[in-house]
Structure formats: structure tokens, C-alpha cells
Amino acid sequence: MKKIALLSLSLLLSLGMFSQQDPQAKKLLNEVSAKVKSYQNMYIDFDYILQNTAENIEQKTRGEVSLQEEKYRLNLMGAIRLFDGKKLYTIIPEDEEITISAYNAADDKDITPSKMLTFYEKGYNYKWDIVQNVKGRKIQYIKLSPIDSNAEIKDILLGIDQQTKHIYKLIQTQDNGTRITIKVNSFKTNQPLSPNLFNFDKSKYQGYYINELD
């Protein structure tokens with residue numbers, strides 16, 4: 001589930017040149033992309049909900065992520081995912097275990113801010129969808145469908161605040177019936193961040209098993 005959560009979060013922040021299709025949707029997506037890329041850093045607090053009616057599964061948790069250029073710190077489902085610009089650190093306090101790996105830009109499985117901002121450069125068709133009024137905010141949804149017919153993702157609904165051009169909600173439906181919803185509770189930009197926020201300090205994890213893959 002942690003892997004699904006990371007991939008879903010990448011979708012939440014993934015905005016770039018986009019595929020073909022609806023020009024109205026493309027214009028809005030490009031506006032969101034330009035807004036996101038103009039920030040020095042971002043902090044996002046969000047709800048993460050996983051549902052599968054057939055399997056009688058419903059799990060809800062809260063997460064937060066701070067991003068600055070290529071660096072990020074993600075707290076989700078009891079794990080910390082840290083990227084300092086060179087290496088990836090996955091810290092699981094419950095198991096007292098840390099996995100360290102070198103970043104490989106060619107590895108599609110690595111979840112980094114650079115990928116989060118360019119995920120939609122290829123692979124998706126998109127079109128204008130419904131608009132909702134949420135406490136006076138107009139949320140415009142854009143529906144994205146993978147071009148690859150064998151993709152695990154069936155479709156994605158991306159809800160965008162028309163005024164702020166910030167993402168409000170993502171609803172991802174998978175072929176197996178699993179539905180993942182990410183709702184942004186707080187979106188802050190250009191915050192004063194600790195210079196050590198994205199650094200791994202080994203001294204804080206005495207007694208942890210450290211698995212260095214590279």
C-alpha cells in the first residue's frame with residue numbers, strides 16, 4: 001500500500017507539457033503547472049483514502065510533503081521518504097529500518113519532485129469534466145485516461161481550484177476496482193524551511209537496521 005500511496009501522490013503533483021486532446025483542459029493544466037513551478041518550495045497536508053468495495057477495504061490516513069527543487073520529505077503511513085538530491089532514504093520507525101539507495105533518473109520507479117512535475121508529459125489523454133462548488137470554491141475536474149490499454153490505472157479525475165490554480169483533489173480508479181482519493185487540506189508555498197529538512201542524520205536513528213542498496 002505504501003508504494004500505491006507514493007505513486008498516487010506523484011500524480012497529485014504531476015503537471016507538465018501533457019498529451020494531446022482537449023485544448024481547454026490543456027490550458028488549465030498548463031496554468032497549474034506554471035503556478036507550481038514558480039514556487040521556491042511547497043508544503044502540502046493531505047488526506048489519503050483507499051477504497052475497494054469488492055474486497056471490503058477502506059483505509060484513511062493523513063500525510064504531508066515538503067518539496068524544494070529536487071529535494072523532498074514525505075511523511076505517509078508511518079514512513080518517511082527523504083530525497084537529499086543524491087540519495088533516497090525510506091525510514092520506517094515501526095520496524096526500525098532504513099533503506100538507502102542512489103537516485104537513478106532512468107529508473108521509472110523512483111518518485112522524485114522532478115518526475116512529479118513532468119508525469120503527464122506523455123501517456124495520458126485528457127478532457128474537460130464536471131465542475132463542483134465546494135464551500136464557495138469552483139473546482140473544475142479534468143479526466144485523464146492512460147493511452148496504454150494495459151495500464152493498471154483506469155482513469156484519474158483531477159480537481160483544480162479555478163481561482164488559485166491549485167490542485168484540490170485527485171481521484172484515481174484502478175482496473176481492479178481500487179479507488180484512491182487524495183484531498184489537499186493545506187497548500188503552503190515559499191515557507192521558511194530548516195536547512196537540514198532534507199538531510200539524513202544517521203545519529204537520530206541509533207539501533208536501526210540500515211540497508212544500503214548501492
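As shown above, the structure is provided for reference.
Attention in this report is confined to the structure presented alongside it. Predicted model only: the values in this text are computed from it and were never measured.

If you walk through the whole model with that rule in mind, you get 5 aromatic pairs. Plain terms: the ring middles of Tyr-205 and Tyr-208 are 5.2 Å apart, the flat faces sit at 70° to each other, and that makes the pair edge-to-face. Accessibility expressed as a relative area gives 14% for Tyr-205, which makes it buried. Take Tyr-208: its relative accessible area is 19%, and that puts it in the buried class.

Regular strands place side chains that alternate from one sheet face to the opposite one. Two strands pair when backbone bridges link them, and strand 4 (residues 79–83) and strand 5 (residues 87–92) are joined in this way by 4 bridges, in the antiparallel orientation. Looking at strand 5, one finds that Phe-83 is bridged to Leu-88. The hairpin formed by strand 4 and strand 5 contains 3 residues between the paired strands, and Gly-85 there has a positive phi angle of roughly 105°. Remark: 4 residues form the turn of the hairpin made by strand 5 and strand 6 (residues 97–102), two consecutive strands paired antiparallel; Glu-96 in that turn has positive phi of roughly 50°.

Let's shift gears to the sheet that holds strand 2 (residues 57–68). Backbone hydrogen bonds hold the strands of a sheet together, and the pairing may be parallel or antiparallel. Across the sheet, 12 strands lie side by side as 7-8-9-10-11-1-2-3-4-5-6-12; this open sheet has mixed pairing. The open sheet has two edge strands, strand 7 (124–134) and strand 12 (209–212), and neither has a second partner. Direction aside, neighbouring strands of the sheet carry axes that sit 15° apart on average. The pairing of strand 6 with strand 12 spans 4 bridges and is classified as parallel. In the strand pairing of strand 12, Ile-100 is matched with Glu-212.

This next bit is on the pairing of strand 11 (residues 179–189). Relative to strand 11, strand 1 (residues 42–52) is paired through 10 bridges, and the arrangement is antiparallel. Bridge pairing in strand 11 links Asp-47 to Lys-183. Where strand 10 (residues 167–174) and strand 11 come together, 5 bridges link them in antiparallel fashion. Each residue of the ladder has a partner; that of Gln-172, found in strand 11, is Ile-180.

So, about the pattern of salt bridges. All told, the structure shown has 4 salt bridges when counted by the stated rule. For Lys-27, the salt bridge goes to Glu-31, with nearest N and O atoms at 2.7 Å. Here Lys-27 pairs with Glu-31, and both are found in helix 2 (residues 23–37), just 4 residues apart, close to one helical turn. Using a relative accessible area of 29% as the deciding quantity, one classes Glu-31 as partly exposed. Salt-bridge contacts for Glu-31 lead to Lys-165; the nearest nitrogen and oxygen are separated by 3.9 Å.

Here we come to the side chain of Asp-45. Mapped onto the elements, Asp-45 comes out in strand 1. For Asp-45, the side chain forms a polar contact with the side chain of Arg-62, separated by 2.9 Å. Excluding residues within four positions of it along the chain, Asp-45 makes contact with Arg-62, Gly-63, Glu-64, Lys-183, Val-184, Asn-185 and Ser-186.

Relative to the elements of secondary structure, Asn-190 occurs in the loop between strand 11 and strand 12. Look at Asn-190 and you get partly exposed, because its relative accessible area is 40%. It is 9.1 Å that separates the C-alpha atoms of Asn-190 and Gln-68, two residues lying 122 residues apart in sequence. From its side chain, Asn-190 meets the backbone nitrogen of Gln-40 in a polar contact 2.7 Å long.

Calculation rules
- Residues numbered from 1 in each chain as written.
- Predicted model: local features only at pLDDT ≥ 70, side-chain atom pairs only at ≥ 80, totals over all residues.
- Heavy atoms only, no water.
- Phe/Tyr/Trp six-rings, centres within 6.5 Å; stacked < 30°, edge-to-face > 60°.
- Buried < 20%, exposed > 50% of the residue type's maximum accessible area, 1.4 Å probe, protein only.
- Pairing = 2+ DSSP bridges.
- Helix = DSSP H or I, 4+ residues; strand = E, 2+ residues; numbered from the N terminus.
- Axes fitted to C-alpha atoms, helices over the stretch in contact; angles between N-to-C directions.
- Salt bridge = Lys/Arg side-chain N within 4 Å of Asp/Glu carboxyl O.
- Polar contact = N/O pair within 3.5 Å; in protein donor to acceptor, adjacent residues only side chain to side chain.
- Contact = heavy atoms within 4.5 Å.

Note that all results are geometric; they support no functional claim without further evidence.
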